[in-house]
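# Overview (structure and organization)
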Amino acid sequence: MKPEEQKVLGILATIFGAIALLGSWIPFINYLSFFIAIVAFILGIIGLIVNLKKRKTMAIIGTSLAIASVVLFFTTQILYADVYKEFVREFNRSYKEASASMEREEESDLTDDSTYSIPEEEEDTFSWTQEQFDALIEGDLDNKGKGGTNYKDIIRKHGLPDSEFDSIIEGYDTKKITYIGIDDKIKTVTLTFVKQDNGQLLLVHKIAVGLGENQQQRDSGTRV
């Protein structure tokens, strides 16, 4: 007969392992469950070592629950990532279809009569590169963006944005647009324009996430 097991570590490992297993499939909560599972695994391993020549029932149960929780955590992370990407794609597609007609009406208010075409809508048409972002010119905010890149030059090259927001800031009529791309990581380009007296929109601020080696690129100018 093997000596009785020292159950304290095994019981703790089992309790923590059970808690981790229950929460490992719930979004956001599963991050906390993952760390609890690590604690349970460590306690279980120590329990196995302490009871090397004794019974190890509770230590084995606690360690097994911890391993199962970790496996379930990574499995759900993969599943939730696929669901999130699909949701963003569907949201972007629906938003573009709903806002396309409104955007064309607004473009007609610009005083420059030159015609230009907008690229056809495609799934995940994010086309920005670091070089294209760096080439954008921010105008003088105090002079309503004079010298800045024109709004319609951007949509001619990159298509309609995934979101836009009009507002009045410090007495200026502004428009903020955002392009979103989803691949192996999320990429965004956010641009802010100021409306001129003649109706044109000129760039005064730019910010990008995920384009280059640095995760976030931004200009040092005044933020709007």
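As a reminder, the structure under discussion sits directly above these lines.
My aim in this report is to walk through the structure given alongside it, one point at a time. (Residues numbered from 1 in each chain as written. Predicted model: local features only at pLDDT ≥ 70, side-chain atom pairs only at ≥ 80, totals over all residues. Heavy atoms only, no water.)

The element strand β3 (residues 186–195) is extensively covered by neighbouring structure, given that seven of its 10 residues are classed as buried. Relative to strand β4 (residues 201–209), β3 is paired through eight bridges, and the arrangement is antiparallel. Across the sheet, T188 pairs through a bridge with V209, a residue of β4. Where β3 folds back onto β4 in an antiparallel hairpin, the turn is made up of five residues, including G199, whose phi is positive at roughly 95°. (Buried < 20%, exposed > 50% of the residue type's maximum accessible area, 1.4 Å probe, protein only. Helix = DSSP H or I, 4+ residues; strand = E, 2+ residues; numbered from the N terminus. Pairing = 2+ DSSP bridges.)

Enumeration over the complete set of coordinates arrives at three salt bridges. For R156, the salt bridge goes to D153, with nearest N and O atoms at 2.9 Å. Here D153 and R156 lie together in helix α5 (residues 151–158), a separation of three residues that amounts to about one turn. In this structure, K175 engages D166 in a salt bridge whose closest nitrogen and oxygen atoms are separated by 2.9 Å. Given the relative accessible area of 47%, D166 is considered partly exposed. Linked through salt bridges whose partners overlap, the residues forming this network are E164, D166 and K175. (Salt bridge = Lys/Arg side-chain N within 4 Å of Asp/Glu carboxyl O.)

An α-helical turn contains 3.6 residues, so any two residues separated by three or four positions project in the same direction. Compared with an ideal rise of 1.5 Å per residue, which puts 22 residues at 32 Å, helix α2 (residues 29–50) spans 32 Å between its outermost C-alpha atoms and is within 8% of the ideal. Among the residues of α2, N30, S33, I36, A37, A40, L43, G44 and G47 are the ones counted as buried. For α2, the angular spread of buried residues about the axis comes to 130°, placing them on one side. For α2, exposure combined with an orientation more than 90 degrees from the buried face picks out F35 and I49. (Expected span 1.5 Å × (residues − 1). Arc of directions from axis to C-beta.)

Next up on the list: the nonpolar core. Grouped together as the largest cluster of nonpolar side chains are 15 residues, with contacts concentrated most on W128, V189, L191 and F193. Going through the elements one at a time, α5, β2 (172–182), β3 and β4 are the ones with two or more residues in this core. (Core = buried A, V, L, I, M, F, W, Y, C linked by side-chain atoms within 4.5 Å.)

Among the residues of α5, those classed as buried are Y151, K152, I154, I155 and H158. End-on view of α5: buried residues confined to an arc of 155°, all on one side of the axis. Between the side-chain oxygen of the N-cap and the backbone nitrogen of K152 there are 3.0 Å, and the N-cap of α5 in question is N150. Positive backbone phi, approximately 80°, marks G159, located one or two places after α5. (Polar contact = N/O pair within 3.5 Å; in protein donor to acceptor, adjacent residues only side chain to side chain.)

Another point: the pairing of β2. The element β2 is extensively covered by neighbouring structure, given that eight of its 11 residues are classed as buried. As defined by bridge partners, strand β1 (residues 163–169) adjoins β2 across seven bridges and the pair is classed as antiparallel. Bridging from a neighbouring strand, S167 pairs with T174 of β2. Hairpin geometry of β1 and β2 is characterised by an intervening segment of two residues between the two adjacent antiparallel strands and by a positive phi of about 50° at E170. Relative to β3, β2 runs antiparallel, the two sharing nine bridges. In the sheet register, I180 faces β3, and the bridge partner there is T188.

Another point: the packing of aromatic side chains. Where two aromatic rings form a pair, the distance of their centres and the angle of their planes describe that pair. Tallied over the entire structure, the rule returns seven aromatic pairs. Ring pairs connect the aromatic residues Y31, F34, F35, F73 and F74, which therefore count as one cluster. The side chain of K206 reaches across the aromatic face of F133, ending 5.0 Å from its centre. (Phe/Tyr/Trp six-rings, centres within 6.5 Å; stacked < 30°, edge-to-face > 60°. Lys NZ or Arg CZ within 6 Å of the ring centre and 35° of its normal.)

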